[in-house]
Amino acid sequence: MPTTQAPGRASAADDAAALRAEIRDLYDEVADLLDDDRVEELPNHFTEDCLYKVISRENYDQGLPAGTIFCDGIGMLRDRIVAIRETQVYEPRSWRHFISGVRIVAQDGDAIRARANFLVTEAMSDADPTVFIVGRYDDILVRREGRLLFRQRLAVCDNHHVRRSLIMPL
């Protein structure tokens, strides 16, 4: 005999699936804005007290804090973007983010810990696309004013080195 649930009450599995889909949508939205070179919109997806870091798997696994990109707070993230647009000179490139394995690892109060795999391809103006960087996101998300924001975004990179300069956030 099938089980029934009270009208208007979603099951815990439905709630978890809806949250995972919401997180997936956020990841896709951020990937789209980076792929479309709209990096100025990135801070809209972070809390004021955020931590954003691109870090090697080796440093991450050993608990070492050094990262290729390190932004402690929304002000540093905004400064990074200003530097990209106004002071850095680099060859134009196109990125495509491929994200998989989105999952919720834990929930503690209003904090949601989520992880996902990423692969980023890069195409320079005179060459075919290549795999640029591979790794995983290790994130802490919180809900503010009805939407999920990153309190922490760690891009943990499996690459032993980056073939070209890492200019944009991942």
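Being a predicted model, the structure only gives us computed values, none of them experimental. The residue count restarts for each chain, going from 1 along the sequence in the order it is written. Local features are withheld for residues below a pLDDT of 70 in this predicted model, meaning they are given only at 70 or higher, and side-chain atom pairs are given and counted only at 80 or more; totals for whole chains, interfaces and linings count all residues. Values reported for side chains reflect all heavy atoms of the structure, with hydrogen atoms and water molecules removed beforehand.

Novice: Mind showing me how you'd approach the pattern of salt bridges here?
Specialist: Pairs may arise between side chains of opposite charge once their charged atoms sit close together. By definition here, a salt bridge exists when the distance from a side-chain nitrogen of Lys or Arg to a carboxyl oxygen of Asp or Glu is within 4 Å. Under the counting rule described, the total for this entry stands at nine salt bridges. For Arg-144, the salt bridge goes to Asp-110, with nearest N and O atoms at 3.0 Å. With Arg-144 in strand 5 (residues 130–144) and Asp-110 in the loop between strand 3 (93–108) and strand 4 (111–124), this residue pair connects regions lying 34 residues apart in the sequence. Here Arg-144 falls in the partly exposed class, since its relative accessible area comes to 34%. On the basis of relative accessibility, which here comes to 40%, the residue Asp-110 falls in the partly exposed class. One network of salt bridges, with partners in common, ties together Asp-36, Arg-38 and Glu-41. Going along the chain from the N terminus, every DSSP run of H or I of four or more residues is numbered as a helix, and every run of E of two or more is numbered as a strand. Only protein chains enter the accessibility calculation, which uses a 1.4 Å probe; a residue is then buried when its area is under 20% of its type maximum, exposed when over 50%, and partly exposed in between.

Novice: Would you mind going over the sheet that holds strand 4 with me for this structure?
Specialist: Criterion used throughout: strands pair if DSSP finds at least two bridges between them. Ordered by their spatial adjacency, six strands build an open sheet running 2-1-6-5-4-3, and the pairing between neighbours is mixed. Each edge of the open sheet carries a strand with a single partner, namely strand 2 (69–72) and strand 3. Pairwise comparison of adjacent strand axes, ignoring direction, gives a mean angle of 20° for this sheet. Contacts are residue-level and defined by heavy atoms, with any inter-residue pair within 4.5 Å sufficient. Angles here are taken between N-to-C directions and fall from 0 to 180 degrees, while the axes themselves are lines fitted to C-alpha atoms, restricted in helices to the stretch in contact. The strands touched by helix 3 (residues 74–86) within the sheet are strand 1 (46–56) and strand 2, with strand 1 carrying the most contacts at an inclination of about 60°.

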